[in-house]
Amino acid sequence: MTAMTWFTLASTVASLLAMAIGVLGPALAMGRAIAAALDALARQPESASTIMRTLFIGLAMIESLAIYVLVIVLIVMFRNPLLAYLIK
């Protein structure tokens, strides 16, 4: 196997691991946020609109972290900046 094949294989494996680890954090944070919102709704049902609005804003912020991870992984997989040094 050539150096290019090894590099492509290593960057693909690293990208998959980064995606798995990078999505795990936001998924756990979303679970905690939803659990806390449900607990707050059970305690104070009269403030449901405020709690839900804050929950959705927080979930959107958390989801943006997972999207950033996806963008970085796609850049590494399909337009790897280190590939130019290997081709030379």
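See the structure shown above.
Residues numbered from 1 in each chain as written. Predicted model: local features only at pLDDT ≥ 70, side-chain atom pairs only at ≥ 80, totals over all residues. Heavy atoms only, no water.

A word on the side chain of S11
For S11, the location among the structural elements is in helix 1 (residues 3–43). Within the structure, the side chain of S11 is placed 3.1 Å from the backbone oxygen of T8, a separation counted as a polar contact. Residues within four places of S11 in sequence aside, it is in contact with V76 and N80. (Helix = DSSP H or I, 4+ residues; strand = E, 2+ residues; numbered from the N terminus. Polar contact = N/O pair within 3.5 Å; in protein donor to acceptor, adjacent residues only side chain to side chain. Contact = heavy atoms within 4.5 Å.)

What to know about the pattern of salt bridges
It is possible for side chains of opposite charge to pair when their charged atoms get near one another. On inspection of all chains with the given rule, the structure shows one salt bridge. One salt bridge in this structure joins D39 and R43, with 3.3 Å as the shortest N-O distance. Here the residue D39 and the residue R43 both occupy positions in helix 1, the gap between them amounting to four residues, near one helical turn. (Salt bridge = Lys/Arg side-chain N within 4 Å of Asp/Glu carboxyl O.)

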